[in-house]
Amino acid sequence: MDRLDHLEHLDKHLVDELAQVARETVRDELREQTRKQRRTATLYAASGAVALYAGGALAVALGLALATGLPGWAAALITAVILGVAAYALRNAARPGHTHHSAAPAHVVGGTPPAGPPGGLGTPYPPMPNTAPGTGVDLDGPHHRT
């Protein structure tokens, strides 16, 4: 029986050793992936900063070009309007389902919330009850339902 006890101890030791090697391998792999992702994120951030400066230089160039035939304040105002229109167009391009605005909010159509947001990711907020909890007070207003 001593020999079996010894083998059991070896098996447990082997399992512990294999688990340790697996943990170290996974940890090293995650570190390597994190290092690559950090480098990629840094390059994207640097690219964004350079693009921001390039956009600023382009706006200054546009303003200076307009200032050759207009007063400086008018050239600056036109440049600002052009940049504002570009920002609005880019925002609408990012949200294709929202190309125009209506007087009523999108979530108040016929008194019921929509089935979900345009992206189809489920309801953006939990449904609201028609009455306050425990009071029976109608939250929809003075009109009566039948």
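For the structure, see preceding data.
The sections below set out a description of the structure shown in this document. (Residues numbered from 1 in each chain as written. Predicted model: local features only at pLDDT ≥ 70, side-chain atom pairs only at ≥ 80, totals over all residues. Heavy atoms only, no water.)

### Concerning the overall build of the protein
Alright, step 1. If you tally the helices and strands in the protein, you get two helices and zero strands.
Alright, step 2. Residues counted as buried form 5% of the 146 residues belonging to the protein.
Alright, step 3. Of the contacts made within the protein by residues no fewer than 6 positions apart, 3% connect residues no fewer than 24 positions apart.
Alright, step 4. Here the protein has roughly 12,600 Å² of accessible surface; of this, 67% comes from carbon and sulfur atoms. (Helix = DSSP H or I, 4+ residues; strand = E, 2+ residues; numbered from the N terminus. Buried < 20%, exposed > 50% of the residue type's maximum accessible area, 1.4 Å probe, protein only. Contact = heavy atoms within 4.5 Å. Areas by Shrake-Rupley, 256 points an atom, 1.4 Å probe, with all protein chains shown as cover.)

### Observations regarding the pattern of salt bridges
Alright, step 1. Under the criterion given, the structure shown has two salt bridges.
Alright, step 2. With its nearest N and O atoms 3.7 Å apart, the salt bridge here joins Arg31 to Asp28. Within this pair, Arg31 and its partner Asp28 are both found in helix α1 (residues 2–67), separated by three residues, close to a single helical turn.
Alright, step 3. Accessibility expressed as a relative area gives 48% for Arg31, which makes it partly exposed.
Alright, step 4. Close ionic contact of Arg35 with Glu32 constitutes a salt bridge, the shortest N to O distance being 2.6 Å. (Salt bridge = Lys/Arg side-chain N within 4 Å of Asp/Glu carboxyl O.)

### Focus: a nonpolar patch on the surface
Alright, step 1. Together, Leu62, Leu70, Ile78 and Ile82 make up an exposed nonpolar region whose accessible area comes to about 280 Å².
Alright, step 2. Position of Ile78 relative to the elements: it lies in helix α2 (residues 72–94).
Alright, step 3. The exposure class assigned to Ile78 is partly exposed, which follows from its relative accessible area of 34%. (Patch = residues over 30% accessible without salt bridge, like charges linked within 9 Å, V, L, I, M, F, W, Y side chains within 5 Å.)

### Description of α2
Alright, step 1. Helix length check: α2, at 23 residues, gives a terminal C-alpha distance of 33 Å against a target of 33 Å (1.5 Å per residue), a fit within 8%.
Alright, step 2. For α2, the complete set of buried residues consists of Ala74, Ala75, Thr79 and Asn92. (Expected span 1.5 Å × (residues − 1).)

### Regarding the environment of Gly63
Alright, step 1. Topologically, Gly63 is positioned in helix α1.
Alright, step 2. The buried category is assigned to Gly63, whose relative accessible area is 15%.
Alright, step 3. Residues Gly63 and Ile78 lie 15 residues apart in sequence; the distance between their C-alpha atoms is 7.8 Å.

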